[in-house]
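# Report on the structure
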Amino acid sequence: AQSVTQPDIHITVSEGASLELRCNYSYGATPYLFWYVQSPGQGLQLLLKYFSGDTLVQGIKGFEAEFKRSQSSFNLRKPSVHWSDAAEYFCSVGALYNFNKFYFGSGTKLNVKP
Amino acid sequence: EAQVTQNPRYLITVTGKKLTVTCSQNMNHEYMSWYRQDPGLGLRQIYYSMNVEVTDKGDVPEGYKVSRKEKRNFPLILESPSPNQTSLYFCASSLTGSKGYTFGSGTRLTVV
């Protein structure tokens, strides 16, 4: 069965520091991979997605993610974090054969220190 | 503005009293889905729909019903709510699932 693991429940970084949020997935074939961000009291907003092609994908708000097939990982990165990036981040994997079936990790809550 | 609209945003109800959470999208999307979000569990899919009159169960469908009579609307029905359905619910839609989903702002449901 498909699954998504985000090993870090909480992460705190200083403003201006770099950020990497980890995501590992379990899937039998090349999946669709997504990162979403959820600000307090809001729905989820799509940051970026990957299906094929260049394994380094760029998203909105200065985020990028790298797909590593050998490690079954899709880690999210940002070179310099801003206070407004404080939010919860969710990794998601989708099924190639069924665009309705998506699985989400349990989320990583990011705190940003001034 | 392209959006997914859920109503109500907050709802407190009593056990056994039927309720409906509405979801509407204005983007002419084919795919729609309902999720519930619980602390430490991420989002879990309740039901999804590929088009009008086409719906299927997600991972946690027990105690829920849906309908898709029109393309834009996808209501979630709790016929007899129980306290374990207290949760934050999200509706989402997508033109094609490969592009990712647009989410509503959520409905926080409390069943007492």
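Each chain carries its own residue numbering, running from 1 in the direction its sequence is written. Both sets of labels track the order of writing: A upward for chains, 1 upward for ligands. Thresholds applied to this predicted model are a pLDDT of at least 70 for local features of residues and 80 or more for the giving and counting of side-chain atom pairs; totals over whole chains, interfaces and linings are not thresholded and use all residues. Excluding hydrogens and water, the side-chain figures rest on all heavy atoms present in the structure.

### So, the overall build of chain A
Helix and strand definitions here come from DSSP, where helices need a minimum of 4 consecutive H or I residues and strands a minimum of 2 consecutive E residues; each element is numbered from the N-terminal end. When helices and strands are tallied, chain A shows zero helices and twelve strands. Radius of gyration: over C-alpha atoms. The globule rule applied is 2.2 Å multiplied by the number of residues raised to the 0.38 power. On C-alpha atoms alone, chain A measures out to a radius of gyration of 14 Å, which is about the 13 Å that the 2.2 N^0.38 rule sets for 114 residues. Dimensions along the principal axes, computed over C-alpha positions, put chain A at roughly 45 × 30 × 20 Å. Exposure categories follow from relative accessible area, calculated using a 1.4 Å probe and restricted to protein chains: below 20% of the type maximum is buried, above 50% is exposed, and the middle band is partly exposed. Residues classed as buried in chain A amount to 49% of the 114 residues present. Residues are treated as being in contact if the distance between any of their heavy atoms lies within 4.5 Å. Partitioning the contacts of chain A with sequence separation of at least 6, the portion at a separation of at least 24 is 54%. For chain A, the accessible surface area stands at approximately 5,300 Å², while carbon and sulfur atoms represent 50% of it. One way to put it: in chain A the 10 positive side-chain charges average out to a point 5 Å from where the 8 negative ones average out. In this description, accessible areas are obtained by the Shrake-Rupley approach with a 1.4 Å probe, and a residue is regarded as covered only by the protein chains that are shown. For the purpose of counting charges, residues Lys and Arg are taken to be positive, whereas Asp and Glu are taken to be negative. His and the chain ends are not included. In this description, the location of a charge corresponds to atom NZ of lysine, CZ of arginine, CG of aspartate or CD of glutamate.

### Regarding the nonpolar core
Proteins that are soluble and globular tend to have nonpolar side chains buried together. In terms of nonpolar packing, the biggest core is built from 29 residues, with A:Leu19, A:Trp35, A:Leu47, A:Leu48, A:Phe74, A:Leu76 and A:Tyr89 touching the most fellow members. Within the residue set of this core, elements represented by two or more residues are strand E2 (10-14), strand E3 (19-21), strand E5 (32-38), strand E6 (44-50), strand E8 (64-68), strand E9 (73-78), strand E10 (87-95) and strand E12 (108-113) of chain A. The element contributing the most residues to this core is E10(A), with five residues. In this structure A:Tyr89 touches A:Gln6, A:Leu21, A:Trp35, A:Tyr36, A:Val37, A:Leu47, A:Phe63, A:Leu76, A:Gly107, A:Thr108 and A:Leu110, once residues within four positions along its chain are discounted. Throughout, nonpolar core names a set of buried Ala, Val, Leu, Ile, Met, Phe, Trp, Tyr and Cys residues whose side chains join them through atoms within 4.5 Å. Counting residues in hydrophobic clusters, the runner-up holds 19 residues, among them B:Val21, B:Met32, B:Phe74 and B:Cys91.

### Concerning the packing of aromatic side chains
All names here are of chain B. Centre distance within 6.5 Å is the pairing criterion for rings of Phe, Tyr and Trp, where only the six-membered ring of Trp is used; planes under 30 degrees apart are then read as stacked, over 60 as edge-to-face, and the remainder as tilted. Within this structure, the stated rule accounts for 15 aromatic pairs over all chains. Ring centres of Tyr64 and Tyr89 lie 5.8 Å apart, and the angle between their planes is 65 degrees; on these two criteria the pair is classed as edge-to-face. Placement of Tyr64 in the loop between strand E6 (54-57) and strand E7 (65-66) and of Tyr89 in strand E9 (residues 87-94) is noted, with a sequence separation of 25 residues between them. Residue Tyr64 is classed as buried on the basis of its relative accessible area of 5%. Where Phe90 meets Phe103, the ring centres are 6.3 Å apart and the plane angle is 80 degrees; that geometry is what we call edge-to-face. On the criterion of sequence distance, the pair formed by Phe90 in strand E9 and Phe103 in strand E10 (residues 102-103) is long-range, its members being 13 residues apart.

### Things to note about the layout of surface pockets
For each structure, a 1 Å grid was placed over the protein atoms alone; sets of points admitting a 1.4 Å probe that cannot get out are labelled cavities, open sets with protein on both sides within 12 Å along at least five of seven lines are labelled pockets, and lining residues have an atom within 4 Å of a point. Grid points are joined across faces, edges and corners, and a volume is the space filled by probe spheres set on the points. Counted as a void, the largest pocket has a volume near 520 Å³. Secondary-structure elements contributing two or more residues to the lining of the largest pocket are E10 and E12 of chain A together with strand E4 (31-38), E9 and strand E11 (107-111) of chain B. Under the scheme applied, nonpolar residues are Ala, Val, Leu, Ile, Met, Phe, Trp, Tyr, Cys and Pro; charged residues are Asp, Glu, Lys and Arg; polar residues are all the others, including Gly. Of the residues in the lining of the largest pocket, the class split is ten nonpolar, 14 polar and five charged. Computed from the structure, the second largest pocket encloses a volume of approximately 270 Å³. Every residue lining the second largest pocket is counted, 16 residues in all, and those nearest its centre are A:Gln42, A:Gly43, A:Leu44, B:Phe103 and B:Ser105. Those elements that provide at least two residues to the lining of the second largest pocket are E5 and E6 of chain A together with strand E1 (4-7) and E10 of chain B. A class-by-class count of the residues in the lining of the second largest pocket yields five nonpolar, ten polar and one charged.

### Observations concerning the interface of chain B and chain A
Listed by partner, the interface residues are 26 residues for chain B and 21 residues for chain A. For any pair of parts, buried area is found by adding up, for both, the accessible area (1.4 Å probe) each one loses once the two are put together. Here chain B and chain A share an interface that buries about 1,800 Å² over both sides, 52% of which is from carbon and sulfur atoms. Salt-bridge detection follows one rule: a side-chain nitrogen of Lys or Arg within 4 Å of a carboxyl oxygen of Asp or Glu. For the pair chain B and chain A, the interface holds zero salt bridges. If you list the elements that add at least two residues to the side of chain B that touches chain A, you get E4, strand E5 (42-51) and E9 of chain B. Partitioning the side of chain B that touches chain A into residue classes produces eleven nonpolar, eleven polar and four charged.

### Quick look at the sheet that holds strand E8 (residues 76-78) of chain B
Residue and element names in this part refer to chain B. Strand pairing is defined by DSSP finding a minimum of two bridges between the two strands. The strand order across the open sheet formed by four strands is E1-E3-E8-E7, and the pairing between neighbours is antiparallel. Either end of the sheet is taken by a strand with one partner, and the two such strands are E1 and E7. One ladder, built from four bridges, connects E1 with strand E3 (residues 19-25); its direction is antiparallel. Considered in E3, the bridge of Asn7 is made with Thr22.

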